[in-house]
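# Geometric and topological summary
Spelled out, the chains give:
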Amino acid sequence: MPRRWIAALACLAALVALACDGSGSASPRPTESTRPGAPRVLTALGDSVSTGFGSCLVLVSCERNSWSTGDSLRVESLYRRLRADTPALRADNRAVPGARAAGLADQARAAVRDKADLVTVLIGANDVCRDDVDAMTPVATFRDQVDAALAVLRKGRPKARVLVVSIPDLHRLWEIGHTESRAVRAWKRGVCPALLADATSTAPAATARRARVRDRIEAYDDQLRAACRGYGSRCRWDGGAVHRHRFSLDQVNALDWFHPNAAGQGRLAEVAWNASGWGRD
């Protein structure tokens, strides 16, 4: 055998050996995190926003785009951010489109069954988005229902960390959308009627109705903050960051002009991540 062939075979053998033991690999295979206390399960609780509803070009849930648990490359979700340091992390989405605070305890029980180490909670929009403002969930009832859900988590997963996120500013959606004819047409199909019905009306009754919705959301946020504080040190409140986020119409899907599109989900994830402090843990 010519010497040049022998040399080539020797080089090939060396390369194979490096590939097999991984010492020369540019992209080593991810392994389970061994960091003490590393989370293994992230579970999302809440409503259609956390299911990614309307973010995949049709009005259905699209969990891969969820700000919390999504694995889509289009959204840098909390799950994807956490997986950078914890490759073995699993995500479960127990949020339900249309859910109100009354259904949160059942979702919390599912999170306990998931053995969740991290839980996100975004709830309240459907408690105000009723057919009429008089049908909105009373503030005290809302608080009792949130407390009941958090009690389920505290009892079933006492070491889990919880992130409670403020309710997006739906009144801002009316402010920036009521002059957009496409949004107004979509809202007429029954999208959050307590707030968005007669969207172009400047009548005192319409203005007062919208103000009641705005005030109720702020009251809910106050109760979410207090409930999280009452939970203890393992619960974090976003400090109202999501509610303060000045979103734009290009972050809302162009079908119902209400739910975040993929860009909106990504922005929601960024705001919640920065507020959570999980990246600094």
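See the structure shown above.
Quick caveat, the model's predicted, so the values are computed rather than measured. (Residues numbered from 1 in each chain as written. Predicted model: local features only at pLDDT ≥ 70, side-chain atom pairs only at ≥ 80, totals over all residues. Heavy atoms only, no water.)

## Some details on the overall build of the protein chain
What counts here: In this description a helix means any DSSP run of H or I spanning at least four residues, a strand means any run of E spanning at least two, and both kinds are numbered starting from the N terminus. Relative accessibility thresholds used throughout: buried, under 20% of the residue-type maximum; exposed, over 50%; partly exposed, between the two (1.4 Å probe, protein chains only). Whether two residues touch is decided by their heavy atoms; if any such pair falls within 4.5 Å, the residues are in contact. Note that accessible areas follow from Shrake-Rupley with a 1.4 Å probe, and for residues the cover is restricted to the protein chains shown.
Across its full length, the protein chain carries eleven helices and five strands. Classification of the 281 residues of the protein chain by burial places 51% in the buried group. Counting contacts in the protein chain only where the partners sit at least 6 residues apart, residues at least 24 apart contribute 72% of the total. Element-wise, carbon and sulfur atoms account for 53% of the exposed surface of the protein chain, whose accessible area totals about 14100 Å².

## Here we look at the sheet that holds strand E4 (residues 161-164)
Operational definition: Any two strands are treated as partners once DSSP identifies two or more bridges connecting them. Axis lines are fitted to C-alpha atoms, over the contacting stretch for helices. Their N-to-C directions set the angle, which ranges from 0 to 180 degrees.
Read across the open sheet, the five strands follow the order E2-E1-E3-E4-E5; overall the sheet is parallel. One side of each edge strand has no neighbouring strand; the edge strands of this open sheet are strand E2 (90-93) and strand E5 (235-237). Strand-to-strand twist of the sheet, defined as the mean angle between neighbouring strand axes without regard to direction, takes the value 15°. Here strand E1 (residues 41-46) runs beside strand E3 (residues 118-122); their pairing, made up of five bridges, is parallel. By the bridge assignment, Leu 42 is partnered in E3 with Leu 118. Those strands touched by helix H3 (residues 104-114) are E1, E2 and E3, and its axis lies near 170° from that of E1.

## Re a nonpolar patch on the surface
Which entries qualify depends on this criterion: Distance thresholds for patches are 9 Å for like charges and 5 Å for nonpolar side chains (Val, Leu, Ile, Met, Phe, Trp, Tyr), applied to residues having over 30% relative accessible area and no salt bridge. Any Lys or Arg side-chain nitrogen located within 4 Å of an Asp or Glu carboxyl oxygen qualifies as a salt bridge.
A surface patch of nonpolar side chains, about 300 Å² in accessible area, is lined by Leu 57, Val 58 and Val 60. Given a relative accessible area of 74%, Leu 57 falls into the exposed group.

## Some points on the packing of helix H5 (residues 139-156) against helix H9 (residues 204-231)
The condition is simple: Angles below 35 degrees are treated as roughly parallel, those above 145 as roughly antiparallel, those between 65 and 115 as roughly perpendicular, and all remaining angles as oblique. The hand of a helix crossing depends on one turn: near helix anticlockwise from the far one by less than a right angle means left-handed, and clockwise means right-handed.
One way to put it is that H5 packs onto H9 with a least axis distance of 10 Å and a crossing angle of 30°. As the angle between them shows, H5 and H9 are arranged roughly parallel. In this structure, the crossing between H5 and H9 has a hand that is right-handed. Each of Val 139, Phe 142, Arg 143, Val 146, Asp 147, Leu 150, Leu 153 and Arg 154 in H5 lies in contact with H9, whose residues at this interface are Arg 216, Ala 219, Tyr 220, Gln 223, Leu 224, Ala 226, Ala 227, Cys 228, Gly 230 and Tyr 231.

## Side note on the state of the cysteines
Rules: Cysteine sulfurs are considered disulfide-paired once they come within 2.5 Å of each other.
Under the criterion given, the structure shown has three disulfides. For Cys 129, the disulfide goes to Cys 192, at an S-S distance of 2.0 Å. The sign of the -85° torsion about the S-S bond sets the Cys 129-Cys 192 disulfide as left-handed. With Cys 129 in the loop between helix H4 (125-128) and H5 and Cys 192 in the loop between helix H7 (181-187) and helix H8 (193-196), the pair connects residues that are 63 residues apart, well separated along the chain. Residue Cys 192 is classed as buried on the basis of its relative accessible area, which comes to 6%. Here Cys 228 is linked by a disulfide to Cys 235, with a sulfur-sulfur distance of 2.1 Å. Here the S-S torsion is close to -120°, and the disulfide linking Cys 228 with Cys 235 is therefore left-handed. The same class applies to Cys 228 as to Cys 235, namely buried. Numbered by position along the chain, the disulfide-linked cysteines of the protein chain connect as 1-2, 3-4, 5-6.

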